[in-house]
Amino acid sequence: MNTRRSLLLILIILVILVTGCQSYTAKEGKTRLTLPAGQEAPLVTKYSVLEAQKQEALAKQEEEAQQLLLEQKLAEEQRKQQEAWEQLTNAEAEARAAIDSLTQEKQELQTQLAQLKAQLDRTSTTLSTKELTAEGLSTELTSIESRHEELVRSFEQLSYQKGELETLLSEQQLINEHLQMALTQAQADHQSELSALIAAHEQKIEQLGATIRSLQTDNSLLKAQLEEKTLTLEEKVKLEQQRAEQVQKAELEEAERLHQLALEQERLARQEEEQKLLQLALHQQIPPLSELTYPRLYTTDKETILLDENAQLDVMLLTLDDQMWDSQEMVREVNASISDLSYPIIVATGHMQNVIDLVREMGQHAILVRGGAIISRLPIVKTDEYGASVQFSEKKTVRVSVANLPEYEVLEAFQAKGDWQTIQKQISPERLAALKAITAKGPVTEPTIIGASLYEPSHQDWNTFSPVTYRQIDYLWPLTAQLEEDQFYDVYRATHFSSATDAGNTLFKGVLKERVDYLFSRKLLPLTSTMLTIGGESVPDEQGIARYGLVASFLVP
């Protein structure tokens, strides 16, 4: 009976446990495992990157916490189900053990009953073989019957207990089947609820993943925008820095420029002052025209040169106005017109003040002589009142003379159709004497060049074959004829075919066009010669007079 009560108590406890597990799984688990309601995603702006990352981290923490809680609940339910199942298994094992014990007792009783029957049979046999008294037999028989009845009762009791136990076992099996069905149903319900929860959880995870991906996309876009803005800001800052540096550089450059300009102005002022002092010193080298004596050497700081032995010698003749210029502009124009021509020797004729102004303007070494000046880049080694010898090379010297014999009576009489020949014959002896004085200064053996402004045509240009009508007479102009007699070559005529094809006129006055300025050479070989425009001098003046110069090249033997 105690065993039956124990079994009933165990069954009741198991039913309560199973019912409790089912109730927790079906009710409390469902409410406790309910996912929180979804919140509306916040508006993502370019300023919410950190908030999005924070929400992402919180979502991950919440997901991990829910996952951990779910795993803990599942483990608790599995543990309780395992304990209930173990209790049911233990109860069933105890019931089976009790049944086996009762079965064993029944077998023992059956064995005792069989033994008693065997003993009864032996007793009956003994009674048949022996003689017993009625009292002893009756007593023994009574004992045996009581023993038999007791065994029968015990057997009946054991049979009843066996039946009860078999009934209890059947009930236990039925309860076990119901419990198994309940557990199966509970597991199925729990599994379905768990699947639903997992599906909802996965859906929530998917939503969170989509939100995270969306946030990552927005984050990437915001990062790109931020990088773009950062780059734009950096470029702006860089541009501002570059602009500031450029402004600073420009200011420094401007300051440096101003400083250099001040230094340059100071240098130019010093240079101008030095130039003024130099010009003053140079100017003082030449006294006033009324006090000037010949020859007058004019020296500057320019270096002189020597030519090669076989080099050609280039010479320029500048025929300046024999009337003093009324403006310094003319001397600047004349100098500018020849500034690109670097001739070693320049012979200038004309009014002496004009010649002096040109010498000062050019700033080259020069020797002032009667009638003009010899401006030379070659060293001047010997001078006289009509010319000078210059050092052509280490072994050669060349004499350069100036002949300036202005005369207008003959040409004016010719233009006026007067007796110009008589006038010419009257003045020629004096002019020839002046010319001979000039040619007599130099030795016959020294190569000589004469720059001459004779104001008289060449006898080679006047002949009956001249294309110019008024020249078509054979007239022997005396000055050029005298120079030819003194073994001087007319350089222009020697280097050109004829006066008909190459006139070489140096004086223009109305219809009068004549070659009255010459380069003559002796002991030199003329190579080339050509006419030269001389700045404002080649522009007709108020009297309609225009003058041209001459350049030539020589070979010095």
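See above for the structure.
We now turn to the structure provided with this report. (Residues numbered from 1 in each chain as written. Predicted model: local features only at pLDDT ≥ 70, side-chain atom pairs only at ≥ 80, totals over all residues. Heavy atoms only, no water.)

### Re the overall build of the protein
So, point 1. When helices and strands are tallied, the protein shows nine helices and 15 strands.
So, point 2. Looking at the protein residue by residue over its 557 residues, the buried ones come to 36%. (Helix = DSSP H or I, 4+ residues; strand = E, 2+ residues; numbered from the N terminus. Buried < 20%, exposed > 50% of the residue type's maximum accessible area, 1.4 Å probe, protein only.)

### Here's the deal with the pairing of strand E5 (residues 372–376)
So, point 1. Within E5, five of the five residues are buried, which leaves it mostly tucked inside the rest of the structure.
So, point 2. Burial of the side chains of E5 extends over both faces: Gly372, Ile374 and Ser376 are buried on one face and Ala373 and Ile375 on the other.
So, point 3. Of the strand pairs in this sheet, strand E3 (residues 345–349) and E5 are connected by five bridges, and their pairing is antiparallel. Within E5, the residue paired with threonine 349 across the bridge is glycine 372.
So, point 4. Strand direction decides the pairing type here: strand E4 (residues 366–369) and E5, joined by four bridges, are antiparallel. Within the sheet, the bridge partner assigned to valine 369 lies in E5 and is glycine 372.
So, point 5. The hairpin formed by E4 and E5 contains two residues between the paired strands, and glycine 371 there has a positive phi angle of roughly 95°. (Pairing = 2+ DSSP bridges.)

### Considerations on the packing of aromatic side chains
So, point 1. Per the counting criterion, the structure on display carries 12 aromatic pairs.
So, point 2. Centroid distance tryptophan 420 to tryptophan 477: 5.5 Å. Interplanar angle 20°. Geometry classified as stacked. A residue pair is termed long-range when its members are at least 10 positions apart, and tryptophan 420 in helix H7 (residues 420–439) and tryptophan 477 in the loop between strand E9 (448–453) and helix H8 (478–485) qualify at 57 residues. The burial state of tryptophan 420 is the same as that of tryptophan 477; both residues are buried. (Phe/Tyr/Trp six-rings, centres within 6.5 Å; stacked < 30°, edge-to-face > 60°.)

### Some words on the sheet that holds strand E8 (residues 397–404)
So, point 1. Strand order in the open sheet made by the six strands is E6-E7-E8-E9-E13-E10, with mixed pairing throughout. Of all strands in the sheet, those bounded by a partner on one side alone are strand E6 (380–383) and strand E10 (489–490).
So, point 2. Note: E10 against strand E13 (residues 517–522), two bridges, orientation antiparallel. Across the sheet, residue aspartate 490 finds its bridge partner in E13, namely phenylalanine 520.

### Brief notes about the packing of H7 against H8
So, point 1. Where H7 meets H8, the closest approach of the two axes is 9 Å, and the angle between their N-to-C directions is 35°. The two elements H7 and H8 cross, and the hand of that crossing is right-handed. Across from Gln424, Ser428, Arg431, Leu432, Leu435, Lys436 and Thr439 in H7, the residues of H8 making contact are Pro478, Leu479, Gln482 and Leu483.
So, point 2. Classifying every residue of the contact of H7 with H8 gives five nonpolar, four polar and two charged. (Axes fitted to C-alpha atoms, helices over the stretch in contact; angles between N-to-C directions. Left-handed = near helix turned anticlockwise from the far one by under 90°. Contact = heavy atoms within 4.5 Å. Nonpolar A, V, L, I, M, F, W, Y, C, P; charged D, E, K, R; others polar.)

### Let's talk about the pattern of salt bridges
So, point 1. One pass over the full model with this rule turns up 15 salt bridges.
So, point 2. Its salt-bridge partner being arginine 267, residue glutamate 264 comes within 2.2 Å of it at the nearest N-O pair. A residue pair is termed a helical-turn pair when its members lie 3 or 4 positions apart in one helix, as glutamate 264 and arginine 267 do in helix H3 (residues 134–285) at three residues.
So, point 3. Arginine 270 is the partner of glutamate 266 in a salt bridge, and the nearest nitrogen-oxygen pair spans 3.2 Å. Taken together, the positions of glutamate 266 and arginine 270, both in helix H3 and four residues apart, correspond to about one turn of that helix. (Salt bridge = Lys/Arg side-chain N within 4 Å of Asp/Glu carboxyl O.)

### Brief notes about the packing of helix H4 (residues 329–338) against helix H5 (residues 352–362)
So, point 1. Contact geometry for H4 and H5: axes closest at 10 Å, N-to-C directions at 55°. When the axis of H4 is compared with that of H5, the two are oblique. Considering only the axes of H4 and H5, their crossing is right-handed. On H5, the residues touching Val331, Arg332, Val334, Asn335 and Ile338 of H4 are Asp357, Leu358, Glu361 and Met362.
So, point 2. Grouping the constituent residues of the contact of H4 with H5 by class yields five nonpolar, one polar and three charged. (Parallel < 35°, antiparallel > 145°, perpendicular 65-115°, else oblique.)

### What about H5?
So, point 1. In terms of burial, H5 is largely enclosed, as 10 of its 11 residues are buried.
So, point 2. Within the sequence span of H5, burial applies to Met352, Gln353, Asn354, Val355, Ile356, Asp357, Leu358, Val359, Arg360 and Met362.
So, point 3. In the stretch just after H5, glycine 363 is the one whose phi turns positive, near 70°.

### Some words on the pairing of E6
So, point 1. Note that E6 and strand E7 (residues 387–391) share three bridges and pair antiparallel. Bridging from a neighbouring strand, lysine 382 pairs with serine 389 of E7.

### Concerning empty space enclosed by the protein
So, point 1. Counted according to the given criterion, the structure contains four cavities of 30 Å³ or more.
So, point 2. In this model, the second largest cavity occupies a volume close to 50 Å³.
So, point 3. Every residue along the wall of the second largest cavity is listed here: Glu407, Val410, Leu411, Gln424, Ile427, Arg431, Tyr455, Glu456, Pro457 and Trp477.
So, point 4. Of all the elements in the fold, those that place two or more residues in the lining of the second largest cavity are helix H6 (409–415) and H7.
So, point 5. Considering each element in turn, the lining of the second largest cavity owes the most residues, three residues, to H7.
So, point 6. Partitioning the lining of the second largest cavity into residue classes produces six nonpolar, one polar and three charged. (1 Å grid on protein atoms, 1.4 Å probe; cavity = no way out; pocket = protein on both sides within 12 Å on 5 of 7 lines; lining within 4 Å. Points joined across faces, edges and corners; volume = space filled by probe spheres on them.)

### Comments concerning the side chain of glutamine 424
So, point 1. One can find glutamine 424 in helix H7.
So, point 2. A relative accessible area of 4% places glutamine 424 in the buried class.
So, point 3. Once you skip the residues sitting within four places of it in the chain, glutamine 424 turns out to touch Val410, Glu456, Tyr475, Trp477 and Pro478.

### Thoughts on the nonpolar core
So, point 1. Judged by nonpolar contacts, the single largest core of 26 residues is most densely connected at Met316, Leu318, Val355, Leu358, Val359 and Leu368.
So, point 2. Within the residue set of this core, elements represented by two or more residues are strand E2 (312–319), H4, E3, H5, E4 and E5.
So, point 3. In terms of residue count, the dominant contributor to this core is H5 (six residues).
So, point 4. Counting residues in each nonpolar core, the second largest holds 25 residues, with Leu307, Val347, Ile367 and Val556 among its members. (Core = buried A, V, L, I, M, F, W, Y, C linked by side-chain atoms within 4.5 Å.)

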